[in-house]
Amino acid sequence: MSTLAELVLIAVGSAIVNNVVLSQFLGICPFLGVSKKTETAAGMGGAVIFVITISSFITGLIYKFILANPFLVKKGIDLTYLKTIVFILVIAALVQFVEMFLKKSMPSLYQSLGVYLPLITTNCAVLGVALNCVTYDYNLLEGVVYGFSTAFGFFIAIVLMAGIREKIEYNDIPKTFRGTAIVLITACLMSIAFMGFSGMI
Amino acid sequence: MITGIIVAAVVVGCVGIILGFFLGIAGEKFKVETDPREDAILEVLPGNNCGGCGYAGCSGLAAAIAKGEAPVNQCPVGGEPVATKVGEIMGVSAGASVKKVAFVKCAGTCEKAKQDYEYTGVEDCAAMAFVPNGGPKSCNYGCLGFGNCVKACPFDAIHVVDGIAKVDPKVCKACGKCVAACPKHLIELVPYEAMHLVQCSSKDKGKDVMSACSVGCIGCHLCEKNCPSDAIHVVDNIAYIDQEKCTGCGICAEKCPKKIIL
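Conventions used here
The residue numbering used here restarts from 1 in each chain and proceeds along that chain's sequence as written. Here the convention is simple: chains get letters from A, ligands get numbers from 1, in the order in which they are written. Only residues with pLDDT of 70 or above have their local features reported here, since the model is predicted, and side-chain atom pairs are shown and tallied only from 80 upward, although totals for entire chains, interfaces and linings are computed over all residues. Water and hydrogen atoms play no part in the side-chain values, which are based on all heavy atoms of the structure. UniProt positions are given in the numbering used here, feature names are shortened, and annotations may be inferred rather than shown by experiment. Secondary structure elements are defined from DSSP: runs of H or I of at least 4 residues count as helices, runs of E of at least 2 residues count as strands, and each element is numbered from the N terminus. The buried label goes to any residue with under 20% of its type's maximum accessible area, the exposed label to any with over 50%, and the partly exposed label to all in between, with areas taken from a 1.4 Å probe on protein chains only. Throughout, a residue-residue contact means that at least one pair of heavy atoms, one from each residue, lies within 4.5 Å. Every accessible area reported is derived by Shrake-Rupley at a probe size of 1.4 Å, with residue values counting cover from the shown protein chains alone. In plain words, nonpolar cores are sets of buried Ala, Val, Leu, Ile, Met, Phe, Trp, Tyr and Cys residues tied together by side-chain atoms within 4.5 Å. Exposure above 30% relative accessible area and the lack of any salt bridge qualify a residue for a patch; like charges then connect within 9 Å, and the nonpolar side chains Val, Leu, Ile, Met, Phe, Trp and Tyr within 5 Å. Only one rule defines a salt bridge in this text: a Lys or Arg side-chain nitrogen within 4 Å of an Asp or Glu carboxyl oxygen.

Naming follows an unreviewed UniProt entry, where chain B appears as Ion-translocating oxidoreductase complex subunit B of Roseburia faecis. In the Sequence similarities (unreviewed entry) part of its UniProt record, chain B is described as follows: "Belongs to the 4Fe4S bacterial-type ferredoxin family. RnfB subfamily." Annotation of chain B in UniProt includes, under Function (unreviewed entry), the sentence "Part of a membrane-bound complex that couples electron transfer with translocation of ions across the membrane."

Chain A is annotated in an unreviewed UniProt entry as Ion-translocating oxidoreductase complex subunit A of Roseburia faecis. In its Subunit (unreviewed entry) section, UniProt records this for chain A: "The complex is composed of six subunits: RnfA, RnfB, RnfC, RnfD, RnfE and RnfG." Quoted verbatim from the Sequence similarities (unreviewed entry) field of UniProt, the annotation for chain A is "Belongs to the NqrDE/RnfAE family."

Below is the structure:
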């Protein structure tokens, strides 16, 4: 069993020091695509937290009890190489299910997250977290904490980005840099700023 | 080797089949009853999600129409063709609706309107409320030309040309976003067929208008006196045309000393 201190280290490490967007370069697509307004960015961030936390738990279960099943391992059959394809399958189905469930039982939450849920289905950040949990050999609890805090790091990054982009709107940007170019430069500077956290843990 | 492949195929296949069944059952169990007309209406709506109807996007309007909360011709973008199709789905006649278009009531381009000073700062019309004299333009009613309407337009139909906003009536869908975005309340929705429009909104007295802009309404009442159908009136030093009474004779445009009636 992992101690509380270890869990806190995992949380801070994945949310800030190894920020999923700004230092691992995962989930760039929604980070650039849905960061025009702070409100929608917060909605996207919320949906990502929701999906990654659940999916890291479910994929953890699947890995432990199906792919790395002690019974199969004893027989000399190693199925862990199937993790990528199985995780994609599981995450896609999970997001579908969560969407259905929310639509039926929590319409208000569905109203705020609904449009973003299908967008996250095959997001690399979601798959990345599931695969990293395996790579780092986390147990179920550590995996869920890692998933939640990574998603929270995504939330921080996308909301910060949206705030900056709202300000950029009012600036006189040289024609060459307008649009995605200035956003990429901004992302780059944010990434350098987040480098300041490295070595904290 | 072969067992490895078979086991892998069986495991992935089983996971897939189980998930498939699970989703199928969940789909039945968590089915939400929706009005089939709602989807049909959503199909015929333009799908720009501009919000011009006052609902949160096209799906919001479709739901409202299906419930009977909104009239079938609520969509300002689709106009009559869409209203007719929606009316068919709902089983009611749409009724005639006039195609409208946005119109900027200012003609004070760079060389025609005077500037009090040079301004180099934040390019935003709303920010002009905090700048001395309400912006660099001498006229306090005219178009500021920083393009808040341009940013608001979801159809790329309005552009700042020569210092003032210009609407392209062919592209404009009359969603009303620019009307709401203009801090000077210069933009109005007018009938597409409107023959004559007053290109000024200045409520200043004639002398002040003359000193600020060469194409401002000076409130001389010439148009009002000469209109044969009583369609044009000067209120608060600015001429207004009642489009319902206007016959399009063109006498006002001819008589206007400043030539600001189109």
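Still to come is the rest of the account.
Looking at this model, I keep getting lost on the overall build of chain A. Mind explaining?
Each helix and strand in chain A was counted, giving 10 helices and 0 strands. Mapped from its N terminus to its C terminus, chain A presents α and β elements in the order α-α-α-α-α-α-α-α-α-α. Of all 201 residues assigned to chain A, the portion counted as buried reaches 45%. When contacts within chain A are restricted to residue pairs at least 6 apart in sequence, long-range pairs at least 24 apart make up 77% of them. Accessible area for chain A stands at about 10400 Å²; split by element, carbon and sulfur atoms hold 69% of it.

Honestly, the nonpolar core in this entry has me stumped. Any pointers?
Note on soluble globular proteins: their nonpolar side chains tend to be buried together. Phe31(A), Met44(A), Leu79(A) and Val86(A) are the most contacted members of the largest nonpolar core, which has 62 residues in total. Elements with a contribution of two residues or more to this core: α3 (38–67), α5 (83–105), α7 (117–120), α8 (124–135), α9 (140–168) and α10 (180–195) of chain A together with α1 (2–29) of chain B. Not counting residues up to four positions away in its chain, the partners in contact with Phe31(A) are Val21(A), Leu22(A), Phe154(A), Ala157(A), Ile158(A), Met161(A), Ala187(A) and Met190(A).

Can you walk me through a nonpolar patch on the surface in this structure?
Residues and elements named next belong to chain A. There is a patch of nonpolar side chains on the surface, built from Leu4, Val8, Leu9, Val12, Met200 and Ile201 and spanning about 580 Å² of accessible area. Inspection of the secondary structure puts Val8 in helix α1 (residues 4–17). Of the residues examined, Val8 reaches a relative accessible area of 46% and is grouped as partly exposed.

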